[in-house]
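# Understanding the architecture of this molecule
Each chain is listed here by its residues.
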Amino acid sequence: MLSSSHSIIEGVTLIILGLFVYFWTFAWEPLVTLSQVACNISVVSKVLSQTCAEINFKSNIILYTPYVAIVIVIFGGIILVKGIIIFSGKRRYMWGK
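The notes below deal with the structure included here. (Residues numbered from 1 in each chain as written. Predicted model: local features only at pLDDT ≥ 70, side-chain atom pairs only at ≥ 80, totals over all residues. Heavy atoms only, no water.)

### A few points about the packing of aromatic side chains
Here is the rule: Ring pairs are drawn from Phe, Tyr and Trp, using the six-membered ring of Trp, whenever the two centres fall within 6.5 Å, and their geometry is named by plane angle: stacked under 30 degrees, edge-to-face over 60, tilted for the rest. The cut-offs for exposure are 20% and 50% of the maximum accessible area for each residue type, with area from a 1.4 Å probe on protein chains only; residues under the lower value are buried, those over the upper are exposed, and the others partly exposed. Only DSSP runs of H or I reaching four residues or more are called helices, and only runs of E reaching two or more are called strands; each is numbered from the N terminus.
Applying the stated criterion across every chain, the model contains three aromatic pairs. The interplanar angle of 80 degrees and the centroid separation of 5.5 Å between the aromatic rings of Tyr22 and Phe23 together place this pair among those described as edge-to-face. A residue is classified by how much of its surface remains accessible, and Tyr22, at 25% relative accessible area, is partly exposed. Since its relative accessible area comes to 54%, Phe23 is described here as exposed. Here the aromatic rings of Trp24 and Trp28 are separated by 6.4 Å at their centres, their planes lie at 55 degrees, and the arrangement is tilted. Remark: Trp28 and Trp24 occur in helix α1 (residues 4-39); sequence separation between them is four residues, near one turn of the helix. Using a relative accessible area of 40% as the deciding quantity, one classes Trp24 as partly exposed. Ring pairs connect the aromatic residues Tyr22, Phe23 and Phe26, which therefore count as one cluster.

### Remarks on the pattern of salt bridges
Applicable threshold: Here, a salt bridge means any Lys or Arg side-chain nitrogen found within 4 Å of an Asp or Glu carboxyl oxygen.
Enumeration according to the criterion identifies one salt bridge in this entry. Across the pair Lys58 and Glu54 runs a salt bridge whose closest N-O atoms are separated by 2.9 Å. In this pair, Lys58 and Glu54 are both assigned in helix α3 (residues 49-88), four residues apart and thus about one turn of the helix distant. Judged by relative accessible area, which is 41%, Glu54 ranks as partly exposed.

### Quick look at the state of the cysteines
Definition in use: For this text, the term disulfide refers to a pair of cysteine sulfurs within 2.5 Å.
On inspection of all chains with the given rule, the structure shows one disulfide. Each sulfur in the disulfide pair Cys39 and Cys52 lies 2.3 Å from the other. Between Cys39 and Cys52, the S-S dihedral sits near -85 degrees, and the bridge is therefore left-handed. Here Cys39 is found in helix α1, whereas its partner Cys52 is found in helix α3, with 13 residues between them in sequence. Note on Cys39: relative accessible area 9%, which makes it buried.

If you want it as structure tokens, here you go:
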């Protein structure tokens with residue numbers, strides 16, 4: 001059974017985490033783009049081939065990170081709303097009456 005206070009805390013935590021990841025990704029995006037541009041230069045690519053391969057792999061991950069963060073925020077919002085509904089709702093069971 002869901003506890004309203006736990007659901008509210010978990011919802012807020014997921015929203016904060018999702019927003020942090022979302023804005024963190026956009027803070028690092030220019031550096032990823034710059035490193036990809038540097039790796040597209042043939043001289044750099046020949047010298048740092050292993051590093052450029054790793055940069056290209058990680059840049060693909062970073063491209064999808066904002067979408068994952070949005071899903072986390074939406075899921076946190078759903079849990080938060082569910083916690084608020086549970087908190088504000090009436091008791092369903094009246095024991096002893």
